[in-house]
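# Per-entry structural report
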Amino acid sequence: MAKNIGIDLGTANVLINVHGKGIVLNEPSVVAIDTQTNKVLAVGDEAYKMIGRTPGHIHSIRPLRDGVIADFDVTEAMLEHFINKLNVKGFISKPDILICCPTNITSVEQKAIIEAAEKSGGKRVFLELEPKVAAVGAGLDIFQPLGNMVIDIGGGTSDIAILSMGEVVTSRSLRLAGDKMNTEIVNYVKQKHNLLIGERTAERVKIEIGCAVDADPETKMSVRGRDVVSGLPREVDVTAIEVEEALHETMMAIIQAAKDVLEQTPPELSADIIDRGVMLTGGGALLKGIDKLFADNLHVPVMLAERPLDAVALGTGILLDNIEHHRQH
């Protein structure tokens, strides 16, 4: 009996859930490559540490950009590396693999992902839409004839979907999510403080003092970077209020997309959502106060998933059980 594998192939992180074991791997979706020899030097955690800190001929690549495969060969190498880490070859038979993808993925990209997974040792490869899997992982029962709404804010994309009877009824996928928030913080600090900071520093600011609404004026954090004018290293304090300001536009764009999805929803399902509320998942759901901001603007209850970062990976495990279940009947 092969152990089936669920993969959350995210722009920021790859999580792998092995049937019966739970989430066994959670590493950044980063690959370091030596451009002189085209060899993969490091994948995941090791490669992430190299971002912005490598000599010219070593590139840290994030093969998935905005939830889409930007570099197919590197994605394949990354998938293969992670799957080999699990030692699939040591399984008695080849596992079935379930991979999650954003709702706006093209058929060419779907084929590409399936091929990569097959090459890495999968027997049958299934693709599922990310918001659907996230909803299952967050504990929603999406297989009933009831409306469920999920907003999954990941690294590259924010997926918004209304689900009923196990399928997506209406959805939107925006290329505005965690990465975009980091970029907004980088730009804001550059404009306001004349300081260039790196992507990783911006991410740290977002995680430590980031806030979607009602930021505390007292909360601040010192960041280091390069002065735009003098070119020398310098340190400044960034406040939580500044971060809220930097993220405001992205937040409002996600809320607007959620409103658009609600407007296209059949009235019976809309009625369910007033009762059942909206489930927030993905790393973006960890931003302080995001549930309050969304609830205030959408006028429906908003809940946070218990483990927002793991929701998609947990969902793959539950759906794989269902695949097994269907096969026996």
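Refer to the structure above for everything that follows.
No experiment lies behind these values; they were computed from the predicted model shown.

Non-glycine residue Asn38 carries a positive phi angle of around 60°. Tracing the chain through its elements places Asn38 in the loop between β4 (31-34) and β5 (39-43). If you check the backbone angles, Met165 has positive phi at about 50° while not being a glycine.

The next subject is the sheet that holds strand β15 (residues 220-227). With antiparallel pairing, the three strands of this open sheet are ordered in space as β14-β15-β16. This sheet does not close on itself; its edge strands, each paired only once, are β14 (195-196) and β16 (233-239). Across seven bridges, β15 lies against β16 in antiparallel orientation. For Met221, the partnering residue across the bridge sits in β16 and is Val238. Most of the contacts of helix α6 (residues 199-209) go to β15, to which it runs at about 170°, and overall it touches β15 and β16.

This part covers helix α4 (residues 130-137). Where burial is concerned, most of α4 is hidden: eight out of the eight residues are buried. Inspection of α4 places Glu130, Pro131, Lys132, Val133, Ala134, Ala135, Val136 and Gly137 among the buried residues, and these make up the whole buried set. Among the residues trailing α4, Gly139 stands out with phi positive, at a value near 95°.

Here five strands make up an open sheet; going across it, the order is β13-β12-β11-β17-β18 and the pairing mixed. Taken across any chain shown, the strands that pair with only one partner, and hence form the sheet edges, are β13 (167-174) and β18 (302-304). Strand-to-strand twist in this sheet, taken as the mean axis angle between neighbours without regard to direction, amounts to 20°. Looking at chain direction, strand β11 (residues 148-153) and strand β12 (residues 158-164) are connected through six bridges and run antiparallel.

Our next topic: the pattern of salt bridges. Summed over all chains, the structure comprises 16 salt bridges. Across the pair Glu76 and Lys119 runs a salt bridge, and its minimum N-O distance is 3.3 Å. Here Glu76, found in helix α2 (residues 72-85), pairs with Lys119, found in helix α3 (residues 107-119); they are 43 residues apart in sequence, far enough to count as distant. Exposure remark for Lys119: the relative accessible area of 52% places this residue in the exposed category. The shortest N-O distance in the salt bridge between Arg124 and Asp96 comes to 3.2 Å. Pair noted here: Arg124 is in the loop between α3 and β10 (125-129) and Asp96 is in the loop between α2 and β9 (97-101), with a separation of 28 residues, a long-range link. We classify Arg124 as partly exposed; its relative accessible area is 35%. Taking relative accessible area as the criterion, Asp96 reaches 1% and is therefore assigned buried. In the salt-bridge network here, residues are joined through shared partners; they are Arg62, Asp179 and Glu199.

Glancing now at the nonpolar core. Core analysis: the largest hydrophobic core is formed by 46 residues, its most contacted members being Met149, Ile151, Ile185 and Phe294. Setting aside its immediate chain neighbours within four residues, Phe294 contacts Ile151, Ile153, Met251, Ile254, Ile255, Leu280, His299 and Val302.

We now examine the environment of Lys206. Structurally, Lys206 is set in helix α6. On a C-alpha basis, the gap between Lys206 and Leu287 in space is 7.6 Å, while along the polypeptide they are 81 residues apart. Discounting residues that sit within four places of it in the chain, Lys206 has contacts with Gly178, Met181, Asn182, Ile185 and Leu287.

Reading guide: rules and limits
- Residues numbered from 1 in each chain as written.
- Predicted model: local features only at pLDDT ≥ 70, side-chain atom pairs only at ≥ 80, totals over all residues.
- Heavy atoms only, no water.
- Helix = DSSP H or I, 4+ residues; strand = E, 2+ residues; numbered from the N terminus.
- Pairing = 2+ DSSP bridges.
- Contact = heavy atoms within 4.5 Å.
- Axes fitted to C-alpha atoms, helices over the stretch in contact; angles between N-to-C directions.
- Buried < 20%, exposed > 50% of the residue type's maximum accessible area, 1.4 Å probe, protein only.
- Salt bridge = Lys/Arg side-chain N within 4 Å of Asp/Glu carboxyl O.
- Core = buried A, V, L, I, M, F, W, Y, C linked by side-chain atoms within 4.5 Å.

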